[in-house]
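Summary of structural features
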Amino acid sequence: MNTITPIRSRQDSNWINNDWQQELKNNITNIDQLKEVIDLAPDEENQLRKVVRAHPMNIPRYYLNLVDRDDPHDPIRKLCVPQRDELIRAGSMGETTKDPYGDDKHNKGNGVLHKYSYTALIVATEYCAMYCRHCFRKRMVGLSTDQTVENFQNAAQYVADNPQISNVVISGGDPFLLPTKSLKEMLDTLKEIPHLNYVRIGSRAPVVYPTRFFDNELIEMLREFGQQKALFVPTHFNHPNELTATAGEAALRLCRAGVTLNNQAVLLRGVNDQTETLVELMNGLLKIGVSPYYLYQCMPVERVRHHFQVPLKDGVKIVDDARRKLDGYAKRFKFIMGHDIGKLEICGQIDNKLILKQLHARPGHEQESSRMLIHQLKDGAGWLDDLPEVEL
Ligand code: SF4
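So, here is what we can say about the structure in this document. What you are looking at is a predicted structure, and each value in this text was computed from that prediction instead of being measured.

Thresholds applied
Residues numbered from 1 in each chain as written. Predicted model: local features only at pLDDT ≥ 70, side-chain atom pairs only at ≥ 80, totals over all residues. Helix = DSSP H or I, 4+ residues; strand = E, 2+ residues; numbered from the N terminus. Buried ≥ 20, exposed ≤ 12 C-beta atoms within 10 Å, placed from the backbone. Core = buried A, V, L, I, M, F, W, Y, C linked by C-beta atoms within 7 Å. Contact = placed C-beta atoms within 7 Å. Pairing = 2+ DSSP bridges. Axes fitted to C-alpha atoms, helices over the stretch in contact; angles between N-to-C directions. Parallel < 35°, antiparallel > 145°, perpendicular 65-115°, else oblique. Left-handed = near helix turned anticlockwise from the far one by under 90°. Nonpolar A, V, L, I, M, F, W, Y, C, P; charged D, E, K, R; others polar.

To continue, consider the overall build of the chain. In terms of regular secondary structure, the chain is built from 13 helices and 11 strands. Projecting the C-alpha coordinates of the chain onto the three principal axes gives extents of approximately 55 × 55 × 40 Å. Expressed as a percentage of the 392 residues in the chain, the buried residues total 44%.

Spelled out as structure tokens, the structure:
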């Protein structure tokens, strides 16, 4: 087997041979376990216990090993270890919501969210290998919910009954946490629907739990499906320190199975809001065969926005500066705002005005798709709703 030159190799070994289901049981899930591996400030412990009651903690040992334990500001730590700031529901950046993308309004039951006519999203599970602290589905991951699919056949029937749906995203939670047999049943059902051009399985497992992809049965199952329908895995790498040799190997195994990998990162304060970090991330993704696809503006999520959102004025500058240093493939990603009204590309800035282009629109608002929007930039503002609409 070819090996990938390690991009980062901090304690990055021995994960390939682990049994993926067994290893999940070693995840760090409570504050007592956390205290043994990470230094907590004296008054921090009780506050973090409150935080994990609102948004559970779940950190695979593999991912925790990427944390520099001597650095309280380590970017990987921010992505996985609860912070006191999560007690702040809103805060200095502005209003927050539990459902920034308006998913609940487009819930068709049976675990199906249908926001854009051509795409159906099926919430396959509420579980993830890790509960990311910046998650925009914080309201549901790791918590008991009635929004996940109970009977996949019913969800698939909805897709079959709606011929305008050209693609399905199996999402969650993380679908790769399901047993291979369950995933196979889902994919076998979808491959029989003639109007589906392709299927996506949204996952952060290649980043936080690459061990999952050393399961040959899974890889073989994906390869077989790919011979019937095109299969894409949107990955979620946020920082170059996540691009380990093991993650690279997992990506390579997926690529060899015929899966196309596109990355959707989120711009996060203290994690990747430096030009050089973004440059390293985008270049590093291409080295392991993953296309940079989206960079999301952090949504106004309750318990997230206050400490993770980067003001738009700063974000546009960071992204433009990074693009200047990137080659054609590395700069193909779009800077995106996943707004309730639809997906908006943040194109850039003219004078003090933010230029956006709407890429997708909700049902009944199709004429809004592909329109340009111009909003007045303001210092410290991080979301469209905080910026008045203006003329050029
Ligand atoms: S893996 Fe995705 S859905 Fe799960 S907690 Fe992380 S960001 Fe949220």
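This part is about the nonpolar core. In terms of nonpolar packing, the biggest core is built from 99 residues, with Cys-80, Ile-122, Met-130, Val-168 and Cys-298 touching the most fellow members. The dominant element in this core, judged by the number of residues it contributes, is helix 13 (residues 312-324), at 5 residues. Other than its neighbours up to four places away in sequence, Val-168 contacts Ala-120, Ile-122, Val-159, Leu-190, Leu-196 and Val-199.

We now examine the sheet that holds strand 9 (residues 342-350). The strand order across the open sheet built from 11 strands is 1-2-3-4-5-6-7-8-9-10-11, with neighbouring strands paired in mixed fashion. Two strands bound the open sheet, and with one partner strand each, they are strand 1 (112-116) and strand 11 (372-376). Strand-to-strand twist of the sheet, defined as the mean angle between neighbouring strand axes without regard to direction, takes the value 30°. Bridging between strand 9 and strand 10 (residues 353-358) involves 6 bridges; their strand directions are antiparallel.

Between helix 6 (residues 152-161) and helix 7 (residues 180-190), the least distance of the axes is 10 Å, while the angle of their chain directions is 25°. If you check the angle between helix 6 and helix 7, you find them roughly parallel. As for how helix 6 packs across helix 7, the hand of that crossing is right-handed. Taking contact as the criterion, the partners of Phe-152, Gln-153 and Ala-156 in helix 6 are, on helix 7, Glu-185, Met-186, Thr-189 and Leu-190. Of the residues assigned to the contact of helix 6 with helix 7, the class counts are 4 nonpolar, 2 polar and 1 charged.

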